Amino acid sequence: MQDNIDFLPFITGSFAKPASENPTVMMIEAAYRYHNINARYLNCEVEPKYLADAIKGAKAMGWIGFNCSIPHKIAVVPYLDELGDSARLIGAVNTVVRRGDLWIGENTDGKGFLKALEMVEDPKGKHITIFGAGGAARAIAVELALAGAHTIIIVNRDKYKGNELVDLINSNTKTKALFNCWEGKYKVELSTNIVINATSIGLFPNVDQKLNVEFDLLRKEMIIADVIPNPPNTHFITTALEKGCRVLNGISMLVNQGIIAVKYWMDVDVEPFIMHSELAKVLKTY
Ligand code: NDP
């Protein structure tokens, strides 16, 4: 056997269902190759009834961590030993990190979004409107509040979820949160600095889906963000570009989440361009 070759890679991966439309595996493995990290990332489709077995298997095989996505982000919590601060507040985990014998749950959804946003604008003191109150919206709202947003308006169809998120922000942070029920065309207030689509509207294959929003009220001074990574050029993003707004698509959030996850697992700072260029190649759309 040749010296300096280790045939046993670190194993990381993802448990989700569905899993096939998620390009995370490509960008993370590209980063491992670029940084000469002897690790693999396995994209696994896991039925809810097998989540416990999947986690047991990961522990038995010595995985060093994994992502979990829909529908496991809340269900995974009872199997973990500790939660990071924002995961505890959000009530959901999308990144599990092994520290010795302990499995720690973190949430990088909001952290990835925040890191991407901070490259364009500091959310501190800003008036923000978020469409949606699901997992992504919850994570983003919590991180923006912890980062010092002045006001967050949650716009959602389901009143219960919307109000629950508003209560969470108001009880745990200094940000003032308000709920608006999404009925008919939503009129974004002119004083809004940042508008975020955190719903699943526009996600492949429903690429023609549009937000029920009065688009004429978007102003070029506003930052428009969309969480949808596939395709990145959603109707919301292209409309905002036509209005001259600064935009942030779902790819920036995805890349920054990947960077944070690899930092947790490998303690390596990934070069963002390697993940961006791999996604550009596989998604062929940006
Ligand atoms: P959830 O199922 O938890 O939440 C979905 C949200 O979308 C709910 O608020 C729901 O409203 C709303 N919604 C769905 N369809 C409509 C519609 N037709 N009109 C109005 N509202 C609608 O999903 P997640 O929050 O976990 O994920 C949302 C999106 O975020 C996904 O598309 C996912 O791909 C993306 N995402 C992107 C990431 C990235 O890194 N770029 C990371 C994580 C997620 P209601 O409550 O009223 O049903």
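This text goes with the structure placed above it.
Presented here is a report on the structure given in the accompanying data block. For clarity, every value in this text was computed on a predicted model and none was experimentally measured. (Residues numbered from 1 in each chain as written. Predicted model: local features only at pLDDT ≥ 70, side-chain atom pairs only at ≥ 80, totals over all residues. Heavy atoms only, no water.)

### Overview of the packing of helix H1 (residues 24–34) against helix H8 (residues 250–266)
1) Next: At their nearest, the axes of H1 and H8 sit 10 Å apart, and the two run at 50° to each other. In terms of orientation, H1 and H8 fall into the oblique class. Crossing of H1 over H8 shows right-handed handedness. On H8, the residues that touch Thr 24, Met 27, Ile 28 and Tyr 32 of H1 are Leu 254, Val 255, Gly 258, Val 262, Trp 265 and Met 266.
2) Next: For the contact of H1 with H8, the per-class residue count stands at eight nonpolar, two polar and no charged. (Axes fitted to C-alpha atoms, helices over the stretch in contact; angles between N-to-C directions. Helix = DSSP H or I, 4+ residues; strand = E, 2+ residues; numbered from the N terminus. Parallel < 35°, antiparallel > 145°, perpendicular 65-115°, else oblique. Left-handed = near helix turned anticlockwise from the far one by under 90°. Contact = heavy atoms within 4.5 Å. Nonpolar A, V, L, I, M, F, W, Y, C, P; charged D, E, K, R; others polar.)

### Examining the packing of aromatic side chains
1) Next: In this structure the tally under the stated criterion is eight aromatic pairs.
2) Next: When the centroid spacing of 4.8 Å and the interplanar angle of 35° are considered together, the rings of Phe 131 and Trp 182 count as tilted. Here Phe 131 is found in strand E7 (residues 127–131), whereas its partner Trp 182 is found in the loop between strand E9 (176–181) and strand E10 (194–197), with 51 residues between them in sequence.
3) Next: Overall, Phe 131 belongs to the buried group, its relative accessible area being 0%.
4) Next: Using a relative accessible area of 11% as the deciding quantity, one classes Trp 182 as buried.
5) Next: Ring geometry for Phe 131 and Tyr 186: centres 5.6 Å apart, planes at 85°, overall edge-to-face. Taken as a pair, Phe 131 in strand E7 and Tyr 186 in the loop between E9 and E10 lie far apart in primary sequence, 55 residues in all. The two residues Phe 131 and Tyr 186 agree in class, both being buried. (Phe/Tyr/Trp six-rings, centres within 6.5 Å; stacked < 30°, edge-to-face > 60°. Buried < 20%, exposed > 50% of the residue type's maximum accessible area, 1.4 Å probe, protein only.)

### Re the packing of helix H4 (residues 109–118) against H8
Any two packed helices are characterised by the angle at which their axes cross and by the distance between the axes.
1) Next: Two numbers describe how H4 lies on H8: the axes approach to 7 Å, and their chain directions differ by 115°. Of the two possible hands of crossing, H4 and H8 adopt the one that is right-handed. On H8, the residues touching Asp 109, Lys 111, Gly 112, Phe 113, Lys 115 and Ala 116 of H4 are Ser 252, Met 253, Asn 256, Gln 257, Ile 259, Ile 260 and Tyr 264.
2) Next: Here the residues of the contact of H4 with H8 are counted per class, giving six nonpolar, four polar and three charged.

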